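Spelled out from the first residue to the last, the chains are:
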Amino acid sequence: MSSVTDRLRTALAGRYTIERELGQGGMATVYLAHDVKHDRQVALKALRPDLAAVIGAERFLAEIKTTAHLQHPHILALFDSGEADGLVFYVMPFVKGESLRARIVREHQLPVGESVQIALEVADALEYAHSHGIVHRDIKPENILLHGGHALVVDFGIALAASRSDGGTRMTETGMSLGTPHYMSPEQAMGEREITPKADVYALGCVLYEMLTGEPPFTGATAQAVIARVMTETPRALAIQRRTIPANVEAAVLTALEKLPADRFASARQFASALRDESYRSTAAIAPPPAAEALRVPGRLTLLHVMLAALAGLAIGGAVMALLRPSPSSSPLRYGLGLPPAQAPDPDWRAIPSPDGSRIVYVGPAERGTQLWVKQRDRYEATALAGTAGANHFTFSPDGEWIAFAVQEQIKKISMLGGPAIVLADGVRGASGVAWLDDDGIVFSFGSELMRTSAEGGQTTVLLSDSAFIALPNPLPGAKAVLYSRIGAGRPGLYALDFESGSVHHVIPDAVMGQYLPPRHIIYVQGNGGVFAIPFDAGSLKTRGSPVPVMDGVSVRNDFYPLWALSRSGTLVMRLGETLTGLRYEMVWVAQDGRETPVDPDWAFLLTRFGANIGWALSPDDTRLAIGLNTDAGDDIWMKPLPRGPLSRVSFDAAAEYRPRWMPDGRSVMFASNRVGEGAGGLYRRAADGTGSDSLLLRATAGVFEGLWSPDGEWLLFRTGGDVSQVGGRDVHGMRPGVDTTKVPVIVTPYDEEAVAFSPDGRWLAYESNETGRTEVFIRTFPDTDAGKWQVSSGGGVAPLWARDGRTLYYVNADREMMAVSVASGAAPQLGERRMLFKMREELYLAAREYYTPFDIAADGRFIMARSVTPPSSIQTPLVVVENWLEELREKIK
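The following refers to the structure shown. (Residues numbered from 1 in each chain as written. Predicted model: local features only at pLDDT ≥ 70, side-chain atom pairs only at ≥ 80, totals over all residues. Heavy atoms only, no water.)

Here we look at the overall build of the protein chain
Inference 1: Tallying secondary structure elements over the protein chain gives 14 helices and 60 strands in all.
Inference 2: Buried positions account for 57% of the 894 residues belonging to the protein chain.
Inference 3: The contacts of the protein chain with a sequence gap of at least 6 include a subset with a gap of at least 24, amounting to 49%.
Inference 4: For the protein chain, the exposed area adds up to about 36600 Å²; of that, 52% sits on carbon and sulfur atoms. (Helix = DSSP H or I, 4+ residues; strand = E, 2+ residues; numbered from the N terminus. Buried < 20%, exposed > 50% of the residue type's maximum accessible area, 1.4 Å probe, protein only. Contact = heavy atoms within 4.5 Å. Areas by Shrake-Rupley, 256 points an atom, 1.4 Å probe, with all protein chains shown as cover.)

A word on the nonpolar core
Inference 1: Ranked by size, the top nonpolar core spans 51 residues in total, and within it Leu100, Met211, Phe271 and Leu275 carry the most contacts.
Inference 2: Put simply, the parts of the chain that give this core at least two residues each are helix H4 (100-107), helix H5 (112-131), strand S7 (144-147), strand S8 (150-153), helix H8 (197-213), helix H9 (223-232), helix H11 (247-256) and helix H12 (268-276).
Inference 3: Examining the composition of this core, we find that eleven residues originate from one element, H5, more than from any other.
Inference 4: In contact with Leu100, not counting residues within four places along its chain, are Leu110, Ile118, Pro141, Ile144, Leu146, Val207 and Met211.
Inference 5: By size, the runner-up hydrophobic cluster in this structure holds 44 residues, among which are Met513, Val525, Tyr561 and Trp564. (Core = buried A, V, L, I, M, F, W, Y, C linked by side-chain atoms within 4.5 Å.)

Some details on the sheet that holds strand S34 (residues 572-575)
Inference 1: With antiparallel pairing, the four strands of this open sheet are ordered in space as S9-S60-S34-S33. The sheet is open, and its two edges are formed by strand S9 (333-336) and strand S33 (564-566), each paired on a single side. For this sheet, the mean inter-axis angle between neighbouring strands, taken without regard to orientation, is 15°. (Pairing = 2+ DSSP bridges. Axes fitted to C-alpha atoms, helices over the stretch in contact; angles between N-to-C directions.)

Some remarks on the packing of aromatic side chains
Inference 1: Enumeration according to the criterion identifies 19 aromatic pairs in this entry.
Inference 2: Both rings, one in Tyr484 and one in Tyr495, keep their centres 5.8 Å apart while their planes meet at 20°; by these two values the pair is stacked. Within this pair, whereas Tyr484 is found in strand S23 (residues 481-487), its partner Tyr495 is found in strand S24 (residues 493-498), the two being separated by eleven residues in sequence. Of the two residues examined, Tyr484 and Tyr495, each falls in the buried class.
Inference 3: Consider the rings of Tyr585 and Tyr845, whose centres lie 6.1 Å apart with planes at 75°: the pair is edge-to-face. One end of the pair, Tyr585, is in strand S35 (residues 584-590); the other, Tyr845, is in the loop between strand S57 (830-839) and strand S58 (856-857), with 260 residues separating them in the sequence. Here Tyr585 and Tyr845 have matching classes, each one buried.
Inference 4: The structure contains a cluster of three or more aromatic residues connected by ring pairs, namely Phe265, Phe271 and Tyr280.
Inference 5: Of note, Lys413 hangs over the ring of Trp402, and the distance from its end group to the ring centre comes to 4.4 Å.
Inference 6: A cation over a ring is seen here: Arg730 above Tyr851, with NZ or CZ 3.9 Å from the ring centre. (Phe/Tyr/Trp six-rings, centres within 6.5 Å; stacked < 30°, edge-to-face > 60°. Lys NZ or Arg CZ within 6 Å of the ring centre and 35° of its normal.)

Section: the packing of H4 against H8
Inference 1: The geometry of H4 relative to H8 is characterised by a closest axis approach of 10 Å and an angle of 25° between their N-to-C directions. As summarised for this structure, H4 and H8 are arranged roughly parallel, according to the angle between their axes. Relative to H8, H4 is oriented so that their crossing is left-handed. When H4 is examined against H8, the residues Leu100, Arg101 and Ile104 are found in contact with a partner set consisting of Val207, Glu210 and Met211. (Parallel < 35°, antiparallel > 145°, perpendicular 65-115°, else oblique. Left-handed = near helix turned anticlockwise from the far one by under 90°.)

Observations regarding the environment of Arg763
Inference 1: With respect to the helices and strands, the residue Arg763 is situated in the loop between strand S50 (753-758) and strand S51 (764-769).
Inference 2: Considered as a pair, Arg763 and Thr781 are 18 residues apart in the sequence and their alpha carbons are 6.1 Å apart.
Inference 3: With residues near it in sequence (within four places) discarded, Arg763 still touches Arg780, Thr781, Phe782, Ser825, Gly826 and Ala827.

Topic: the sheet that holds strand S44 (residues 682-687)
Inference 1: Read from one edge of the open sheet, four strands run S42-S43-S44-S45, paired in antiparallel fashion. Either end of the sheet is taken by a strand with one partner, and the two such strands are strand S42 (657-662) and strand S45 (695-699). Neighbour-to-neighbour, the strand axes of the sheet open up by a mean angle of 25°, direction not taken into account.

Details of the pattern of salt bridges
Inference 1: Counting across every chain of the model gives 40 salt bridges.
Inference 2: For the salt bridge of Arg452 with Asp439, the shortest nitrogen-to-oxygen distance reads 2.7 Å. Of this pair, Arg452 sits in strand S20 (residues 449-454) while Asp439 sits in the loop between strand S18 (431-436) and strand S19 (441-446), and the two are 13 residues apart along the sequence.
Inference 3: Between Lys789 and Glu771 there is a salt bridge, with its nearest N and O atoms 2.7 Å apart. Here the residue Lys789 occupies a position in strand S53 (residues 789-791), and Glu771 occupies one in the loop between S51 and strand S52 (776-781), the gap between them amounting to 18 residues.
Inference 4: According to the relative accessible area criterion, Lys789 is partly exposed, its value standing at 40%.
Inference 5: What makes Glu771 partly exposed here is its relative accessible area of 24%. (Salt bridge = Lys/Arg side-chain N within 4 Å of Asp/Glu carboxyl O.)

Here's the deal with unusual backbone geometry
Inference 1: Between Pro518 and the following residue, Pro519, the backbone shows a cis peptide bond with an omega angle of 5°.
Inference 2: Within the secondary structure, Pro519 sits in the loop between strand S26 (511-517) and strand S27 (521-526).
Inference 3: In the Ramachandran plot, Arg659 falls in the positive-phi region, its phi being about 50° despite a non-glycine side chain.
Inference 4: By the element assignment, Arg659 lies in strand S42.
Inference 5: Of note, Ala755 is a non-glycine position whose phi angle comes to about 50°, a positive value.
Inference 6: Within the element layout of this structure, Ala755 appears in strand S50.
Inference 7: A relative accessible area of 1% places Ala755 in the buried class.

Focus: the packing of H5 against H12
Inference 1: Relative orientation of the contacting elements H5 and H12 amounts to 155°, with a least axis distance of 8 Å. If you check the angle between H5 and H12, you find them roughly antiparallel. The handedness of the crossing between H5 and H12 comes out as left-handed. Mapping the contact onto sequence places Val116, Ala119, Leu120, Ala123, Leu126 and Glu127 in H5 and Ala268, Arg269, Ala272, Leu275 and Arg276 in H12.
Inference 2: Split by residue class, the contact of H5 with H12 holds eight nonpolar, no polar and three charged. (Nonpolar A, V, L, I, M, F, W, Y, C, P; charged D, E, K, R; others polar.)

A closer look at a negative patch on the surface
Inference 1: There is a patch of like negative charges on the surface, built from Asp356, Asp399, Glu401 and Asp440.
Inference 2: Following the sequence through the fold, Asp440 ends up in the loop between S18 and S19.
Inference 3: With relative accessibility at 35%, the residue Asp440 sits in the partly exposed group. (Patch = residues over 30% accessible without salt bridge, like charges linked within 9 Å, V, L, I, M, F, W, Y side chains within 5 Å. Lys, Arg positive; Asp, Glu negative; His and termini not counted. Charge placed at Lys NZ, Arg CZ, Asp CG, Glu CD.)

What follows is the structure, encoded as structure tokens:
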């Protein structure tokens, strides 16, 4: 069956030319299209086929037809709508701008005046629509576009059409919510049939609240939790969170957010009037600060409330001064940490200062792999910490005398004075962070779980199981709670877990790491490298006030691992600059003489973010490219018809999918996934056009990062082991689906084997191994891999790749040169001379350590590679140390 995009393109030929996909939402896929008749660019939305089936095409088109009559400067017009080959579509002007959601994600909080102006323009649009009997029902930042400094409301009548479907409860089976929980009025949440314009007033109040404070009035871990808060709680006052918000604006927002429609503004026009009226005040209820809970009374703000707010402000200001007033006062001292190559810090990992700032521990080189190093403040050179080979995530004990670290499948600790490493927890492959609590408890993150053991060892307990990846725990005072980062699915950000109650608190949305700084602040890093400080109540696990930007430009690896660490004494160690995984790329053909030709000059993209598991694969007939990309939906497998066909999505799970390989039939694609849960991760298969559902090929409890089929389709090989600093844990196993599901070792040694490639006739396996002390390319026989082994490269080699005819094996040497070796088949492979084809330019993607061949080769011998739009050489990530940084922080917060 052809893809939805192909069906649409064919059915609309002569009317609209589909150029490319712009994005996907819960209801529709949006395309950039060319209106042939009027010679203009338009945005064409195709309703999801499953939704169209439930709603009914005729009913849907009849409902949205009414919106075609809405002509207003702040409403995006509806040009056209219809049905084509069973697909329902509607057409709007193509607006070159951004959504309000994108603006909030980028800036967190918008200027007060601009926020109010956007709300006024949306209110004007709503008043006009309401006067024509149309209620939007789904006002949210995603449905407000910003163009030329003005707001445009989109998708009028779409939610109404969906809500009037004949499907009844079947609508919930499609996964579509009629209204978004964070902006849904209480009457919508209760499922009332008659929804009035006051529901739009409520939603606009939520949007303005979020523009001003950075969060909707009610948040929660699930849609049910959000709705429960919408129904039962009152919103927090805005002025407490941001003192620059005028009283009338706060009063207007709170009136719009009243639970009962009768208590809200009667119209969007009244809401707008209150926003303009500086004298407007409200009787709306707000949630008071915890300290004032006993003094909560209904009614208008009284002098007592004002005094309490002033006292709270003085208390916070005093706490900030106490926090940031060093004794004795010292000026910040900034310098770059320069060490010889044999002691150089690994650029992929954080360097962490001891609590007193007297030493810095970092991940550095070892004879094989990496180990921890210690740089004393009073010494020129660093010293390797024996017994820490392969260590990655680590932390200091509160007194600075011990280090707890993750290595292989264990959590260990070691004294800073030396001695043997002591095992604290076992069976933990791939820990993603370690925290040492004040009571000598050790908390570490492992996949989707937070676990705890003691600094003395013993029993390990599970504190929290989530549906998303958990990383970078940090202790809170008194060993009563811990901060941690939630990555990927759901609502990412900084969370806090209360040990006693087991309750989880969403502390800061979209933060990738945070740490507590006594007596009452959190310093946190966002995915864009910005660093902020915000007051925090460690008792209630809630923030107080507004965040203050204190730094930007911090390097963040893979969008969630900031290269930034701060000690209690105020020593800051960080790397500055963008992360390579944040670069945009374009696809290029590279000829055997090194000439580069763009595949599609109009296509630029972000590669897979999760663990930098980057990869793509040409279809057997060279007409399509399966590739792992990062979009707003996360890491997924996408399909690109070559050279300039539109992208279509293949995988749809909320987890990360990466490293595609074509199945032998050429009609489906295999990929790896980090889905959480018992046996959820592993290798999956799906039709190349994205139809059908995922089929699990191989369950993996410890992660599978590479998979491939033998050319005859009889063998499935897979490589386990995927920690960057891991040594000796990467092995190749195999199984014969349909014959024997027992896992058998294929290449399993004390060393690392990866980047496996079958020869086209299936007789040979090329792969990488570090058995000589450095990574080289080898060939083994198959299926009896012990029958023969031959070393191909010398002086270093990665990324082996066979020519389609099997007569040449390519690899990249230590100087980034593409090498070719002829292979004559016989009882043993006859290897020819190594020939250098071309030197890979710095812009062509090749990780410092290739565990998987990221590029592919066509039948005509051209390589298909990713070329960065911004050259990597322009990105610098120096290791910077700032002593006495709290003095600088005090000035910025003040």
